[in-house]
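Residue-level listing of the chains:
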Amino acid sequence: MVKTTMIARVSDALPLAASIDDEQVEMELKEYKSQAKLIFRKLNLNSEKRCSIESGSYVFHYIIDHGVVYLCICERNYPRKLAFTYLDDLSKEFFMSYGNEIDRPGLRPYAFARFDTFMQNTKRMYQDTRTQSNLTKLHEDLQDVTKIMTKNMEDLLYRGETLDNLQGKSDLLLRDSARYRKTARDVNLQALYRKYGPPVIILFVFLLVIYWRFWWY
């Protein structure tokens, strides 16, 4: 079953809306909701538009549409096709209701909390996989979920850490390269001074003497 749903803006991971869960679900999913926020921070407009991420007893399913990510946490045995159809329903309604406000400057977190009413009503429709409407959705070829990428949360965290490390090393190399170029430039200037400095000084003194002798007498 769908346990909870979260909606955020892709560009800055700003939470836009979330389902209001009872105390038991909140305690049960506390760690997973933290992981969901981590997923939001790692996503960008170039990320996979549809993806499933396995973590413990649950699976995160998300879609990205019009710069917004819609994510639900489901039990592992919940059909993926229903999960993504559920998210599609949310994305259509959310964009139709708030599409013009998503990129509004100064938007506060959970600015569209009232969308919870629609999420709760829609979630109830998808809870029982045996209802006729859900069985129909499962057999409709609206989307091929076998092509949707599946990741593991541990791999995602490790990959993110590796990318951060690579970025750090890249920044360090850039700084070292800049320092090397500056040092090389200083060394070359010093070499030029040592090579051409004495002859230039001698020539300058010679010209000064000539000037002094022929122009002052």
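- The name that an unreviewed UniProt entry assigns to the chain is Protein transport protein SEC22, with the source organism given as Linnemannia gamsii.
- Here the chain is described in UniProt, under the heading Sequence similarities (unreviewed entry), as follows: "Belongs to the synaptobrevin family."

**Quick notes on the packing of helix H3 (residues 80–98) against helix H4 (residues 116–127)**
Stage number 1. H4 packs onto H3 with a crossing angle of 155° between their chain directions and a minimal axis gap of 11 Å. Considered as vectors, H3 and H4 are oriented roughly antiparallel to each other. Judged by the twist between their axes, the crossing of H3 over H4 is right-handed. Where H3 abuts H4, its residues Leu-82, Thr-85, Tyr-86, Asp-89, Leu-90 and Glu-93 lie against Phe-118, Met-119, Thr-122, Lys-123 and Tyr-126.
Stage number 2. Taken together, the residues of the contact of H3 with H4 break down into six nonpolar, two polar and three charged.

**Notes on the side chain of Thr-4**
Stage number 1. You can see Thr-4 is positioned in strand E1 (residues 2–9).
Stage number 2. Thr-4 sits in the buried class, given a relative accessible area of 1%.
Stage number 3. Within the structure, Thr-4 has its side chain in polar contact with the side chain of Ser-19 (distance 2.9 Å).
Stage number 4. Not counting residues within four places of it along the chain, the set of residues in contact with Thr-4 comprises Ser-19, Asp-21, Leu-29, Lys-33, Leu-71, Cys-72 and Ile-73.

About the cut-offs
Residues numbered from 1 in each chain as written. Predicted model: local features only at pLDDT ≥ 70, side-chain atom pairs only at ≥ 80, totals over all residues. Heavy atoms only, no water. UniProt positions renumbered as here; feature names shortened; annotations may be inferred. Axes fitted to C-alpha atoms, helices over the stretch in contact; angles between N-to-C directions. Helix = DSSP H or I, 4+ residues; strand = E, 2+ residues; numbered from the N terminus. Parallel < 35°, antiparallel > 145°, perpendicular 65-115°, else oblique. Left-handed = near helix turned anticlockwise from the far one by under 90°. Contact = heavy atoms within 4.5 Å. Nonpolar A, V, L, I, M, F, W, Y, C, P; charged D, E, K, R; others polar. Buried < 20%, exposed > 50% of the residue type's maximum accessible area, 1.4 Å probe, protein only. Polar contact = N/O pair within 3.5 Å; in protein donor to acceptor, adjacent residues only side chain to side chain.

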